[in-house]
Every structure is written in C-alpha cells, then in structure tokens.
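# Tertiary structure, described
Below are the chains, spelled out letter by letter.
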Amino acid sequence: MKYFFILFFNINVFAQQAVFLPATEIQRQYYIETNTWFDGSPMNNEKVDGFIYKKKESLFYVLDDYAKGNAINAKLFGVKANGISDDTTSLQKSLDLGVKYGITLILPYGTMITSNDLLLDISSSKGKIRLIGSGISNTIIKNIGTTTKNALKITGNHFNNLEIRDFRIERELSTPQPTGNVGLFVEKQVYASLENIEIIRFTK
C-alpha cells in the first residue's frame with residue numbers, strides 16, 4: 001500500500017514509497033493510493049479535488065482519514081482560524097466538500113473571519129452531516145462587513161440528517177447594538193440536532 005504525506009522531498013519509509021505534497025497548517029496528512037472514487041466508480045482527473053482526492057504523476061490518492069471514516073478538520077481546506085485572515089472562501093469549500101463526501105467536519109479552535117454568506121446545502125447528501133466545534137468560547141465564526149444576509153444558512157430537505165454543535169457565530173462585540181442580519185438560518189430540516197450554539201449581535 002502506498003502512502004504520501006506532506007513535506008517537500010521524497011524518501012522511503014519502511015520500504016514503502018512515500019510521496020509528499022505541499023505543506024498545510026495542520027498536522028501531516030497521509031494519503032493512500034486508490035483506483036476508485038468514493039462512490040465506487042473509477043478514478044479520473046475530473047474527480048481530483050486537491051483535498052480529499054489528489055494526484056501525483058500518474059497515480060491517484062485518497063486522504064487516509066477519509067478512507068477510514070474519521071472526522072476531518074476544516075483546516076485541511078485552508079481555513080486559518082487566526083482571527084485575522086478572511087476564511088469565507090475556505091470555509092465554504094469545506095462545507096461544500098463535507099456535503100459532497102458525507103464527512104464529519106471539525107471546525108477548528110480559534111476565530112474564523114467571514115465577510116459573506118455561508119451556505120450548508122445538504123439536499124444532495126446521502127449521509128448525516130456533522131459540523132462540530134470545540135465549544136462556544138473556543139470555536140468562533142466572526143462575521144464582518146455589510147454584505148452578509150445569513151452568516152450561516154442550512155437548507156435541504158432531510159429527516160434526521162443534520163448535527164451541528166459547539167461553536168459560536170458573532171458580530172462585533174464592542175457595540176451593544178446588533179450589526180448583523182441573520183446569524184443562523186435553518187430550513188427544511190426535521191429532527192435536526194443543534195446543540196450548544198451561540199449567536200451574538202445579530203438582529204435575527
């Protein structure tokens with residue numbers, strides 16, 4: 001079985017060929033060689049997303065954690081959660097691929113800055129979607145600017161197929177008056193599980 005993980009050069013580890021890809025800000029990520037996509041169909045270039053599925057030379061690889069059914073940190077998709085960088089695009093990418101592949105997505109410790117709407121559309125999901133932080137004081141989505149309508153909108157016709165918990169969505173806390181529109185909008189969900197979610201300084 002072939003593995004690759006993230007560094008800058010090629011070596012052999014215990015007689016197994018290791019392939020290294022560009023570094024990210026999370027712990028070293030291992031990938032295993034695969035010939036099939038998540039739905040069982042043959043792999044091809046169009047199915048490579050650069051995160052869960054990658055290609056090196058003529059070989060295709062899948063994230064080992066995904067293949068094992070483990071939770072995946074949103075930092076894999078470029079989320080910084082440093083309270084400075086705008087994480088809107090990376091966080092949306094993590095939501096989109098989380099739905100596509102049916103993963104449990106871990107929202108990282110720290111503050112994720114967003115400047116536009118986030119959409120979690122689970123209408124095409126075939127499995128339960130889990131969005132999990134590390135607590136309302138530890139995992140924060142901070143929405144800024146004036147263009148956002150819904151800081152996080154969740155939609156899609158599903159029954160008992162959604163679990164979100166342990167994070168906070170906030171606007172600027174230095175003013176006592178709400179400066180945001182909608183913090184969390186949930187529609188078309190039956191028996192969804194929402195636990196330990198805090199919404200601060202939004203009008204709705």
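Residues numbered from 1 in each chain as written. Predicted model: local features only at pLDDT ≥ 70, side-chain atom pairs only at ≥ 80, totals over all residues. Heavy atoms only, no water.

## Quick word on the overall build of the chain
Operational definition: Secondary structure elements follow DSSP: runs of H or I of four or more residues count as helices, runs of E of two or more count as strands, with numbering from the N terminus. Values of accessible area rely on a 1.4 Å probe in the Shrake-Rupley scheme; residue burial ignores everything except the protein chains shown.
Within the chain, the regular secondary structure consists of 2 helices and 19 strands. Put simply, the chain shows about 10700 Å² of open surface, and 49% of that area lies on carbon and sulfur atoms.

## Focus on the pattern of salt bridges
Spelled out, the test is: For this analysis, a salt bridge means a side-chain nitrogen from Lys or Arg found within 4 Å of a carboxyl oxygen belonging to Asp or Glu. Classification of residues uses two cut-offs on accessible area relative to the type maximum, computed with a 1.4 Å probe and protein chains only: under 20% is buried, over 50% is exposed, and between them is partly exposed.
For the structure on display, the rule yields 8 salt bridges. In this structure, Asp 64 and Lys 68 form a salt bridge, with 3.0 Å as the shortest nitrogen-oxygen distance. For Lys 68, a relative accessible area of 56% puts it in the exposed group. With its nearest N and O atoms 2.9 Å apart, the salt bridge here joins Glu 170 to Arg 168. Across this residue pair, the class does not change: Glu 170 and Arg 168 are buried. Ionic contacts of the salt-bridge type, sharing partners, join the residues Arg 130, Glu 163, Arg 165 and Asp 166 into one network.

## Here we look at the sheet that holds strand β17 (residues 182-186)
Where we set the bar: By the convention used here, strands pair only if DSSP detects at least 2 bridges between them. Simply put, an axis is a line fit to the C-alpha atoms, just over the touching stretch for a helix, and the angle between two N-to-C directions goes from 0 to 180 degrees.
With parallel pairing, 3 strands are arranged side by side in an open sheet as β11-β14-β17. Strands with a single pairing partner mark the edges of an open sheet, and in this sheet they are β11 (119-121) and β17. Neighbouring strand axes in the sheet, compared pairwise and without regard to direction, differ in orientation by 0 degrees on average. Taken together, the 4 bridges between strand β14 (residues 150-155) and β17 define a ladder with parallel strand orientation. If you follow Ile 154 over to β17, its bridge partner there is Val 186.

## Overview of the confidence of the model for the chain
Which entries qualify depends on this criterion: Think of pLDDT as the predictor's per-residue confidence, scored from 0 to 100. Whether two residues are in contact is decided by their heavy atoms: any pair within 4.5 Å suffices.
Overall, the predicted model of the chain reaches an average pLDDT of 87, with 87% of residues at or above 70. Confidence drops under pLDDT 50 across residues 1-19; counting only partners more than four residues distant or on other chains, this segment forms 56 contacts.

## Some points on the pairing of strand β6 (residues 59-63)
With 4 of 5 residues buried, β6 lies mostly within the body of the structure. Here strand β4 (residues 31-33) runs beside β6; their pairing, made up of 3 bridges, is antiparallel. The residue bridging Tyr 31 from the neighbouring strand is Leu 63, located in β6. Sheet topology note: the strand β5 (residues 53-56)/β6 ladder contains 4 bridges and is antiparallel.

## Re the nonpolar core
Rules: Residues enter a nonpolar core if they are buried and are Ala, Val, Leu, Ile, Met, Phe, Trp, Tyr or Cys, with the set joined through side-chain atoms within 4.5 Å.
Ile 52, Tyr 66, Leu 120, Leu 131 and Leu 152 are the most contacted members of the largest nonpolar core, which has 40 residues in total. Once you skip the residues sitting within four places of it in the chain, Leu 131 turns out to touch Leu 95, Leu 105, Leu 107, Leu 120, Leu 152, Glu 163, Ile 164, Arg 165 and Phe 167.

## Quick look at unusual backbone geometry
Residues apart from glycine generally show negative phi values, whereas peptide bonds are mostly found in trans. Phi is positive for Asp 166, which is not a glycine, with a value near 65 degrees. Following the sequence through the fold, Asp 166 ends up in strand β16 (residues 162-170). Since its relative accessible area comes to 15%, Asp 166 is described here as buried. The phi dihedral of Lys 188 falls on the positive side, at around 60 degrees, and the residue is not glycine. With respect to the element layout, Lys 188 can be found in the loop between β17 and β18 (189-190). Lys 188 sits in the partly exposed class, given a relative accessible area of 47%.

## Details of helix α2 (residues 88-101)
Counted only if it meets this: The span you would expect from a helix comes to 1.5 Å times its residue count less one.
With 14 residues, α2 should cover 20 Å at 1.5 Å per step; its first-to-last C-alpha distance of 20 Å lies within 8% of that length. Those residues of α2 that fall on the buried side of the exposure criterion are Thr 88, Ser 90, Leu 91, Gln 92, Ser 94, Leu 95, Leu 97, Gly 98, Val 99 and Tyr 101. Of the residues trailing α2, Gly 102 is marked for its positive phi of about 65 degrees.

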